[in-house]
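Breakdown of the fold
Here's the letter readout for the chains.
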Amino acid sequence: DSGVTQTPKHLITATGQRVTLRCSPRSGDLSVYWYQQSLDQGLQFLIQYYNGEERAKGNILERFSAQQFPDLHSELNLSSLELGDSALYFCASSVGSGPSNTGELFFGEGSRLTVL
Amino acid sequence: GQSLEQPSEVTAVEGAIVQINCTYQTSGFYGLSWYQQHDGGAPTFLSYNALDGLEETGRFSSFLSRSDSYGYLLLQELQMKDSASYFCAASNQAGTALIFGKGTTLSVSS
């Protein structure tokens, strides 16, 4: 158990809908990262927040948005969903503003989104 | 931008040694990490290199050559449970998020 909690674990919805994925980082971690993993694909970096502020942005679509709240939990909002958005969405956390000197991120178990 | 290349699949037998290579093209490269993922589960950290050379952690070792923009993960005394996907990931000097390769699927047979 990494200490990172993601909800929901599974989500099935229809095209055009909007969903929210939630992540609670490890206790004491200030950074939250969101990654998308499609079938047989690597982990695509979406966005990172550090202590409530956006720190880095990757290949995140305009239909997607995220935020980190004062209690450090984060939410990833996916709107106008398309079939291609079906994927595993992982949240990870770290103590500092980056992977630090150890190169280690702690990943949650992921939220599996299926768009029908 | 950043990109990492690694083989898509590797097969080996129990007890063998396997090496998974990773070449990277990144701006402001800082270090190379390796992660293991079983069947869509949470990726878990294995090893990290910021300096050239070999880092050993039990049966797993990782190597980095900054001049060659190249690294590898070495798995020794393979076990069936090592069947998984292995990802290399690069961090940059800005210290922001890890960028991952597409992963290598390792299949270990008896």
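Residues numbered from 1 in each chain as written. Chains lettered and ligands numbered in written order. Predicted model: local features only at pLDDT ≥ 70, side-chain atom pairs only at ≥ 80, totals over all residues. Heavy atoms only, no water.

Attention now goes to the overall build of chain A. Along the backbone of chain A there are 0 helices and 11 strands. The order of helices and strands in chain A, counted from the N terminus, is β-β-β-β-β-β-β-β-β-β-β. In summary, chain A has a C-alpha radius of gyration of 13 Å against a globular reference of 13 Å for 116 residues, a match within 12%. In terms of overall dimensions, chain A has a C-alpha envelope of 40 × 25 × 20 Å along the principal axes. In chain A, which comprises 116 residues, the share counted as buried stands at 48%. Of all intrachain contacts in chain A linking residues separated by at least 6 positions in sequence, the fraction that spans at least 24 positions is 57%. Across chain A, the centroid of the 8 positively charged side chains sits 2 Å from that of the 12 negatively charged ones. (Helix = DSSP H or I, 4+ residues; strand = E, 2+ residues; numbered from the N terminus. Rg over C-alpha atoms; globule rule 2.2 N^0.38 Å. Buried < 20%, exposed > 50% of the residue type's maximum accessible area, 1.4 Å probe, protein only. Contact = heavy atoms within 4.5 Å. Lys, Arg positive; Asp, Glu negative; His and termini not counted. Charge placed at Lys NZ, Arg CZ, Asp CG, Glu CD.)

Right, let's talk about the sheet that holds strand S8 (residues 74-78) of chain A for a bit. All names here are of chain A. Read from one edge to the other, the open sheet built from 4 strands follows the order S1-S3-S8-S7, with strand pairing classed as antiparallel. Looking at the sheet topology across the chains shown, the edges are occupied by strand S1 (5-7) and strand S7 (64-68). Taking the axes of each pair of neighbouring strands and ignoring which way they run, one obtains an average angle of 15° across the sheet. (Pairing = 2+ DSSP bridges. Axes fitted to C-alpha atoms, helices over the stretch in contact; angles between N-to-C directions.)

Residues and elements named next belong to chain B. Among the 6 residues in strand S8 (residues 70-75), 5 count as buried, and that is most of the element. In the sheet, strand S3 (residues 18-25) pairs with S8 via 6 bridges, with the strands oriented antiparallel. Across the sheet, the residue bridging to Val 18 is Leu 75, located in S8. Examined bridge by bridge, strand S7 (residues 60-65) and S8 share 6 bridges and lie antiparallel to one another. Paired with Ser 65 across the bridge in S8 is Tyr 70. The turn linking S7 back onto S8 is made up of 4 residues, and Ser 69 within it adopts a positive phi angle of 50°.

All names here are of chain A. By the definition in use, this model includes 2 disulfides over all chains. At a sulfur-sulfur separation of 1.8 Å, the disulfide partner of Cys 23 is Cys 91. Since a negative S-S torsion denotes a left-handed disulfide, the Cys 23-Cys 91 link at about -55° is left-handed. In this pair, Cys 23 sits in strand S3 (residues 19-24) while Cys 91 sits in strand S9 (residues 87-94), placing the two residues 68 residues apart along the sequence. For the pair Cys 23 and Cys 91, one class covers both residues: buried. (Disulfide = S-S within 2.5 Å.)

Before going further, it helps to examine the environment of Thr 102 of chain A. Along the chain, Thr 102 of chain A turns up in the loop between S9 and strand S10 (106-107). For the pair Thr 102 of chain A and Leu 113 of chain A, spaced 11 residues apart in sequence, the C-alpha separation works out to 31 Å. Non-local contacts of Thr 102 of chain A, meaning those with residues more than four positions away in its chain, are made with Phe 45 and Tyr 48 of chain B.

Opposite the 25 residues of chain A that make contact, chain B presents 21 residues. In total, chain A and chain B occlude about 1,700 Å² of area from one another, counting both sides; carbon and sulfur atoms represent 57% of this. Remark: the boundary between chain A and chain B carries 0 salt bridges. Our count for the chain A to chain B interface comes out at 5 residue pairs in polar contact (both at pLDDT 80 or more). At the level of secondary structure, the elements contributing two or more residues to the side of chain A that touches chain B comprise strand S4 (31-37), strand S5 (44-50), strand S6 (53-57) and S9 of chain A. Grouping the constituent residues of the side of chain A that touches chain B by class yields 10 nonpolar, 12 polar and 3 charged. (Buried area = accessible area lost by both parts, 1.4 Å probe. Salt bridge = Lys/Arg side-chain N within 4 Å of Asp/Glu carboxyl O. Polar contact = N/O pair within 3.5 Å; in protein donor to acceptor, adjacent residues only side chain to side chain. Nonpolar A, V, L, I, M, F, W, Y, C, P; charged D, E, K, R; others polar.)

Our next topic: the sheet that holds S3 of chain B. Residues and elements named next belong to chain B. With respect to topology, 5 strands assemble into an open sheet ordered S1-S3-S8-S7-S6, the strand pairing being antiparallel. This sheet does not close on itself; its edge strands, each paired only once, are strand S1 (3-5) and strand S6 (53-57). Pairs of neighbouring strands in the sheet enclose a mean axial angle of 20°, with direction left out of account.

Enumeration over the complete set of coordinates arrives at 6 salt bridges over all chains. Residues Glu 82 of chain A and Arg 63 of chain A are paired through a salt bridge, measuring 3.7 Å at the closest nitrogen-oxygen approach. With Glu 82 of chain A in the loop between S8 and S9 and Arg 63 of chain A in the loop between S6 and S7, the pair connects residues that are 19 residues apart, well separated along the chain. A relative accessible area of 44% means that Glu 82 of chain A is categorised as partly exposed. In this structure, Asp 82 of chain B engages Arg 59 of chain B in a salt bridge whose closest nitrogen and oxygen atoms are separated by 2.8 Å. Here the residue Asp 82 of chain B occupies a position in the loop between S8 and strand S9 (84-92), and Arg 59 of chain B occupies one in the loop between S6 and S7, the gap between them amounting to 23 residues. The class of Asp 82 of chain B is buried, set by a relative accessible area of 2%. Look at the salt bridges and you will find they share partners, linking Arg 63, Glu 82 and Asp 85 of chain A into a network.

As far as function goes, none of this settles anything; it's purely spatial.
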